[in-house]
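Reading the structure
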Amino acid sequence: MLNIGVLHEGFVLDHIEAGRSMEIYKYLNLDKFDCCVAIIKNARSNKMGKKDIIKIECPIDQIDLDVLGFIDHNITVNIIKDDAVVEKKRLSLPKEIKNIVKCKNPRCITSIEQELDQIFVLTDEAREIYRCKYCEEKYRRKKK
Ligand SMILES: [Zn+2]
């Protein structure tokens, strides 16, 4: 079991696919936060063989983790408060994602007006399909 004693308040993101922790660090914009982050790469896992873990010490309302559902909804999010796990959050595909991926359609309004938010909407949950809110261009998720 992972020692979470060092975290007073924050998150432990567990069961990250090995090698993807830096990508997640970037998606969550953790470099912009003044919080303590520990990245553990290639931790041994019974379930997965190898996995990555990210520990973030910060006020738990400070970081929006919805994007994780978009990246990989198999990640386990442990929410830590007062030195204990208070909740294991289940991730699901977010209905809408903002400024995470860019529309690839060169004629899309977001390609022309760079200051517009890049918004993609979940249009088919079973097939995990997102479409650009403006031009309906499909976003193709990277498959493992
Ligand atoms: Zn578009």
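If you're wondering where the values come from, they're calculated on a predicted model, not measured in any experiment.

What counts, and where the lines are drawn
- Residues numbered from 1 in each chain as written.
- Predicted model: local features only at pLDDT ≥ 70, side-chain atom pairs only at ≥ 80, totals over all residues.
- Heavy atoms only, no water.
- 1 Å grid on protein atoms, 1.4 Å probe; cavity = no way out; pocket = protein on both sides within 12 Å on 5 of 7 lines; lining within 4 Å.
- Points joined across faces, edges and corners; volume = space filled by probe spheres on them.
- Helix = DSSP H or I, 4+ residues; strand = E, 2+ residues; numbered from the N terminus.
- Nonpolar A, V, L, I, M, F, W, Y, C, P; charged D, E, K, R; others polar.
- Domains from an automatic or database assignment.
- Donors = N, O, S within 2.8 Å, 3.2 Å for Na, K, Ca; no water.
- Tetrahedral: all angles 85-135°; square planar, octahedral: opposite > 155°, others 65-115°.
- Buried < 20%, exposed > 50% of the residue type's maximum accessible area, 1.4 Å probe, protein only.
- Pairing = 2+ DSSP bridges.
- Axes fitted to C-alpha atoms, helices over the stretch in contact; angles between N-to-C directions.
- Phe/Tyr/Trp six-rings, centres within 6.5 Å; stacked < 30°, edge-to-face > 60°.
- Buried area = accessible area lost by both parts, 1.4 Å probe.
- Salt bridge = Lys/Arg side-chain N within 4 Å of Asp/Glu carboxyl O.
- Polar contact = N/O pair within 3.5 Å; in protein donor to acceptor, adjacent residues only side chain to side chain.

Turning next to the layout of surface pockets. Empty space among the atoms can be located by rolling a probe the size of a water molecule over them. Put simply, the second largest pocket is a space of about 240 Å³. Among the elements of the structure, α2 (66-71) and β6 (96-98) are those that each provide at least two residues to the lining of the second largest pocket. Sorting elements by how many residues they give to the lining of the second largest pocket places β6 first, with three residues. For the lining of the second largest pocket, the residue count by class is eight nonpolar, two polar and four charged. Of the domains in this structure, domain 1 (9-90) and domain 2 (96-140) are the two that each give at least three residues to the lining of the second largest pocket.

Time to look at the coordination of the zinc ion. Each pair of donors in an ideal four-coordinate tetrahedral metal site encloses 109.5 degrees, whereas pairs in an ideal six-coordinate octahedral site enclose 90 or 180 degrees. The zinc ion binds to the protein through Cys103 (SG), Cys108 (SG), Cys132 (SG) and Cys135 (SG), with metal-donor distances spanning 2.2 to 2.3 Å. One can describe the site at the zinc ion as tetrahedral: its four donor atoms subtend angles covering 101 to 113° at the metal. Between consecutive donors of the zinc ion, the numbers of intervening residues give the motif C-x4-C-x23-C-x2-C. No difference in accessibility class separates Cys103 from Cys108, as the two residues are buried.

The five strands lie next to each other as β2-β3-β1-β4-β5, forming an open sheet whose pairing is antiparallel. The sheet terminates laterally at β2 (36-45) and β5 (84-89), the two strands that pair on one side only. Taken over all neighbouring pairs, the strand axes of this sheet differ in orientation by 20° on average, direction set aside.

Okay, the packing of aromatic side chains next. Tallying each qualifying case throughout the model produces three aromatic pairs. Relative to Tyr139, the ring of Phe70 lies with its centre 5.8 Å away and its plane at 40°, an arrangement referred to as tilted. Here Phe70 is found in helix α2, whereas its partner Tyr139 is found in strand β9 (residues 138-139), with 69 residues between them in sequence. Accessibility assignment for this pair places Phe70 and Tyr139 in one class, buried. Measuring from ring centre to ring centre gives 6.0 Å for Phe120 and Tyr139, while their planes differ by 70°; the resulting arrangement is edge-to-face. Of this pair, Phe120 sits in strand β7 (residues 119-124) while Tyr139 sits in strand β9, and the two are 19 residues apart along the sequence. Residue Tyr139 is classed as buried on the basis of its relative accessible area, which comes to 14%. Members of the aromatic cluster, connected to one another through ring pairs, are Phe70, Phe120, Tyr130 and Tyr139.

Quick look at the pairing of strand β3 (residues 49-57) now. Pairing geometry for strand β1 (residues 10-17) and β3, over six bridges, is antiparallel. Residue pairing across strands places Ile16 opposite Asp52, the latter belonging to β3. Relative to β3, β2 runs antiparallel, the two sharing eight bridges. When the bridges of β3 are listed, Cys36 appears paired with Glu57. Between the end of β2 and the start of β3, which pair antiparallel, lie three residues.

Splitting the protein by domain gives domain 1 (9-90) and domain 2 (96-140). Between domain 1 and domain 2, the C-alpha centre-to-centre distance is 25 Å. Counting each side, the surface lost to burial between domain 1 and domain 2 is near 420 Å², with a carbon and sulfur contribution of 78%. Inspection of the region where domain 1 meets domain 2 yields zero salt bridges. Our enumeration of links across domain 1 and domain 2 arrives at one residue pair in polar contact (both at pLDDT 80 or more).

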